Amino acid sequence: MTTPERGVMERVEQPTETPSNGEPAPALTFQAKNVSIWYGEKRAIDNVTLDVASKAVTAIIGPSGCGKSTFLRALNRMHELTPKTRMEGTVLLHGEDLYSGTVDPAIVRRRVGMIFQKSNPFPTMTIGENVIVGLRLNGVRNQKFLNERLEKSLRMAALWDEVKDDLHKPGTSLSGGQQQRLCIARALAVEPEVILMDEPCSALDPIATAKIEELIYELKARYTIVTVTHNMQQAGRISDYTAFFYLGRLIEFGPTTKIFTNPTEKQTEDYITGRFG
Amino acid sequence: MIAAKHILGTFDEALGALRNNVLMMAGLTERSLERAMKGLFDRNDDLCATTIADDEEIDQLEKQIDKDGVDILLRFQPVASDLRRVVSAMKLSSNLERMADQATTIARRARKLNRHPPLPEVDLIRPMYDHAMSMFKDSIDAFVREDVDLGCAVVTRDEKLDELNHDASRKLIERMAQDPDQLRGYLNLIFVGRCLERVGDHATNIAEDAVYAAAAQDIRHPSLTATT
């Protein structure tokens, strides 16, 4: 007599968490209110109001030139590095006005890290040095602390196992996907509150892209992530909320499942279904 | 009802071909149901045989629609109304195939009935047939025109079909008791009625899918909390 067969229901994996039917308002990391941004005379962002939920991934989509990268940069004041930039409106980070006169932009950028389209490890530094450079620049000298933070950051960036024996090698010796994860580890090392990503996978192959996407999924348990992407399928896969920008305006914002199954605005529908213009 | 052109002409072509195959399948299914019922009412074995033979073509179309739908999902990863149209088309084909199976079953039952003297009680089936076919045609119209109101209206008509089936079955069971010699014949008519009742169920499914395709509203099981 063989072992009795299990019943069908016994084969069903039980969820580890009970899904909630109610939808309580999510905690907010950013509250952008009536934000407008000009580059010289050109208005790049037009009166955008948008709340960014904590510990969730918010994707910003839209055609080239719609202002999505500008808006992303406004979340850590990086757009100010472009000459002749002017901004109106407010951006609150956990309720604190990022543009208040008493706030140091350098501190904002430490709290709100940024990952760029093209990975940009410092070419003269080793893998290890690249990760802890931010801490060193902030005056941290305790080698034990730096070593611990180095390993922790690389582990969080899902890179430790691949580079732990090569920490002395140049950061640029890594593959494109590894370099991007190295940049993520560098951003994580200073323990930011938020990670901004500007098309983080657009220069990567599908396997490297998948690793970054899995990493984003894991990181959102600890961090609020805002990402700009041109890849609609990627936005659908990785994000909890999606914002559609067009001509500097926020056309629609909502849960990603809603935006990608039943958008409210015709412009959104036309863009995501490939019927734009 | 597909409004603006897609930036990829190949996508419009693929979606158009998928919809055409669904409409072709709906047309063949409608014809099979009509032939099966005409075979029953007119005692015409040839029509019954044709219905049974045509089922293979409908089965092939179901496979083709599933293949084309998966192909579109794979190649274009459609979203929003495009995604709903593809998913609905695939679900429609499944319902149409089952409707055609009901037509085949009716044809087989009709052939059995045709071997014996005619039963006047066959007229008990006519109101059900008219009602089921009207639901079927309207459900397809709702899908083609993306007509939410018509789709919702079809769904509400299923209850009437269930009542008609219940009434016809009750009368046929009474006749069985009165005339046991014709028991097999009455039983076959009860099965035909059940087939038509299922045609109505599939028409309801199609109407629900039509509403989802058109408006992203899930109107199935209204007692459950909406999840979309």
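Residues numbered from 1 in each chain as written. Chains lettered and ligands numbered in written order. Predicted model: local features only at pLDDT ≥ 70, side-chain atom pairs only at ≥ 80, totals over all residues. Heavy atoms only, no water.

Student: I would appreciate a short explanation of the environment of H230 of chain A in the present structure.
Tutor: Residue position: H230 of chain A is located in the loop between β8 (224-228) and α9 (232-238). Leave out the neighbours within four places in its chain, and H230 of chain A touches G62, P63, S64, K68, E199 and Y271 of chain A. (Helix = DSSP H or I, 4+ residues; strand = E, 2+ residues; numbered from the N terminus. Contact = heavy atoms within 4.5 Å.)

Student: Would you mind showing me how to read a positive patch on the surface here?
Tutor: Residues and elements named next belong to chain B. Positive charge collects at one region of the surface, where R108, R111, K112, R115 and R184 lie side by side. For the positive patch, the element with the most residues is helix α3 (residues 80-114), which contributes three residues. In this fold, K112 is placed in helix α3. For K112, a relative accessible area of 38% gives the class partly exposed. (Patch = residues over 30% accessible without salt bridge, like charges linked within 9 Å, V, L, I, M, F, W, Y side chains within 5 Å. Areas by Shrake-Rupley, 256 points an atom, 1.4 Å probe, with all protein chains shown as cover. Salt bridge = Lys/Arg side-chain N within 4 Å of Asp/Glu carboxyl O. Lys, Arg positive; Asp, Glu negative; His and termini not counted. Charge placed at Lys NZ, Arg CZ, Asp CG, Glu CD. Buried < 20%, exposed > 50% of the residue type's maximum accessible area, 1.4 Å probe, protein only.)

Student: Looking at this structure, how should I read the pattern of salt bridges?
Tutor: Any two side chains of opposite charge can pair if their charged atoms end up close together. A complete count under the given rule lists 35 salt bridges over all chains for this structure. When the shortest N-O distance is used, the salt bridge between D270 of chain A and K266 of chain A registers 2.6 Å. Taken as a pair, D270 of chain A and K266 of chain A lie in helix α11 (residues 266-272) at a separation of four residues, close to a single helical turn. A network of salt bridges, in which partner residues are shared, links R275 of chain A together with D12, D82, R85 and E146 of chain B.

Student: Any chance you could explain the interface of chain B and chain A here in plain terms?
Tutor: A common way to state how big an interface is: give the accessible area lost once the parts meet. Contacts between chain B and chain A engage 16 residues on the former and eleven residues on the latter. When the two sides are added together, the surface that chain B and chain A hide from each other amounts to roughly 1100 Å², 47% of it contributed by carbon and sulfur. The tally of links from chain B across to chain A stands at two salt bridges. Salt-bridge contacts for R275 of chain A lead to D82 of chain B; the nearest nitrogen and oxygen are separated by 2.7 Å. Elements that contribute at least two residues to the side of chain B that touches chain A include exactly α1 (9-41) and α3 of chain B. Examining the composition of the side of chain B that touches chain A, we find that four residues originate from one element, α3 of chain B, more than from any other. (Buried area = accessible area lost by both parts, 1.4 Å probe.)

Student: Looking at this structure, I do not really get the packing of aromatic side chains. What am I missing?
Tutor: The description of an aromatic ring pair rests on the distance of the ring centres and on the angle between the ring planes. Counted under the stated rule, the structure contains five aromatic pairs over all chains. Here the basic side chain of R186 of chain A rests over the ring of F122 of chain A, its NZ or CZ set 4.6 Å away from the ring centre. Note that R19 of chain B overlies the ring of F143 of chain B, its terminal NZ or CZ placed 5.0 Å from the centroid. (Phe/Tyr/Trp six-rings, centres within 6.5 Å; stacked < 30°, edge-to-face > 60°. Lys NZ or Arg CZ within 6 Å of the ring centre and 35° of its normal.)

Student: What is the right way to read the packing of α1 of chain B against α3 of chain B from this model?
Tutor: Two numbers describe a pair of packed helices, the interaxial angle and the distance between the axes. Residues and elements named next belong to chain B. In contact at an axis separation of 8 Å, α1 and α3 are set at 20 degrees when each is read in the N-to-C sense. As judged from the angle between their axes, α1 and α3 are roughly parallel. For the pair α1 and α3, the crossing hand works out as left-handed. Classifying every residue of the contact of α1 with α3 by side-chain character gives 21 nonpolar, five polar and four charged. (Axes fitted to C-alpha atoms, helices over the stretch in contact; angles between N-to-C directions. Parallel < 35°, antiparallel > 145°, perpendicular 65-115°, else oblique. Left-handed = near helix turned anticlockwise from the far one by under 90°. Nonpolar A, V, L, I, M, F, W, Y, C, P; charged D, E, K, R; others polar.)

Student: Looking at this structure, I do not really get the sheet that holds strand β4 (residues 85-93) of chain A. What am I missing?
Tutor: Within a sheet, neighbouring strands are paired by backbone hydrogen bonds and run either parallel or antiparallel to one another. Residue and element names in this part refer to chain A. Strand order across the open sheet formed by four strands is β2-β1-β4-β5, with antiparallel pairing between neighbours. Strands with a single pairing partner mark the edges of an open sheet, and in this sheet they are β2 (42-53) and β5 (96-97). Here β4 pairs with β5 via two bridges, running antiparallel. Bridge pairing in β5 links L92 to D97. (Pairing = 2+ DSSP bridges.)

Student: What's the story with the nonpolar core in this structure? I'm lost.
Tutor: Nonpolar side chains in soluble globular proteins tend to be buried together. M37, L40, L96, I106, F136, L189 and L196 of chain B are the most contacted members of the largest nonpolar core, which totals 62 residues. Elements represented by at least two residues in this core include exactly α1, α2 (45-76), α3, α4 (126-145), α5 (148-156), α6 (158-178) and α7 (183-215) of chain B. If you tally residues by element for this core, the top one is α1 of chain B, at 13 residues. Setting aside residues no more than four positions away along its own chain, I106 of chain B makes contact with L33, A36, M37, V192, C195 and L196 of chain B. Counting residues in hydrophobic clusters, the runner-up holds 35 residues, among them I132, L135, Y223 and I225 of chain A. (Core = buried A, V, L, I, M, F, W, Y, C linked by side-chain atoms within 4.5 Å.)

Student: What am I meant to see in helix α5 (residues 143-156) of chain A here?
Tutor: Side chains of residues three or four places apart in an α-helix project in the same direction, reflecting 3.6 residues per turn. Residues and elements named next belong to chain A. The first and last C-alpha atoms of α5 sit 20 Å apart over 14 residues, in line with the 20 Å expected at 1.5 Å per residue. Looking at α5, one finds that the buried residues are L146, R149, L150, S153, L154 and M156. Seen from one end, α5 has its buried residues packed into an arc of 155 degrees, which puts them on one side. Each element contacted by the buried residues of α5 is listed here: α4 (127-137), α6 (160-163), α7 (176-189) and α8 (206-219). Of the residues that open α5, the one with a side-chain oxygen 3.0 Å from the backbone nitrogen of K144 is N142. At the exit of α5 stands A158, carrying a positive phi of roughly 55 degrees. (Expected span 1.5 Å × (residues − 1). Arc of directions from axis to C-beta. Polar contact = N/O pair within 3.5 Å; in protein donor to acceptor, adjacent residues only side chain to side chain.)

Student: Looking at this model, I keep getting lost on unusual backbone geometry. Mind explaining?
Tutor: Across residues other than glycine, the phi torsion is negative in most instances, and most of the peptide bonds are trans. Residues and elements named next belong to chain B. Phi is positive for A80, which is not a glycine, with a value near 50 degrees. In this structure, A80 sits in helix α3. The class for A80 is buried, based on a relative accessible area of 0%. Positive phi, normally seen in glycine, also occurs at H221, with a value near 45 degrees.

Student: Honestly, the packing of α1 of chain B against α4 of chain B in this entry has me stumped. Any pointers?
Tutor: All names here are of chain B. In contact at an axis separation of 11 Å, α1 and α4 are set at 170 degrees when each is read in the N-to-C sense. Of the possible angle classes, the one that applies to α1 and α4 is roughly antiparallel. Listed contacts from α4 to R19, V22, L23, A26, T29, E30, L33, E34, M37 and F41 of α1 are R126, Y129, M133, F136, K137, I140, F143 and V144. Residue classes in the contact of α1 with α4 are distributed as twelve nonpolar, one polar and five charged.

Geometric values such as these leave the question of function open.
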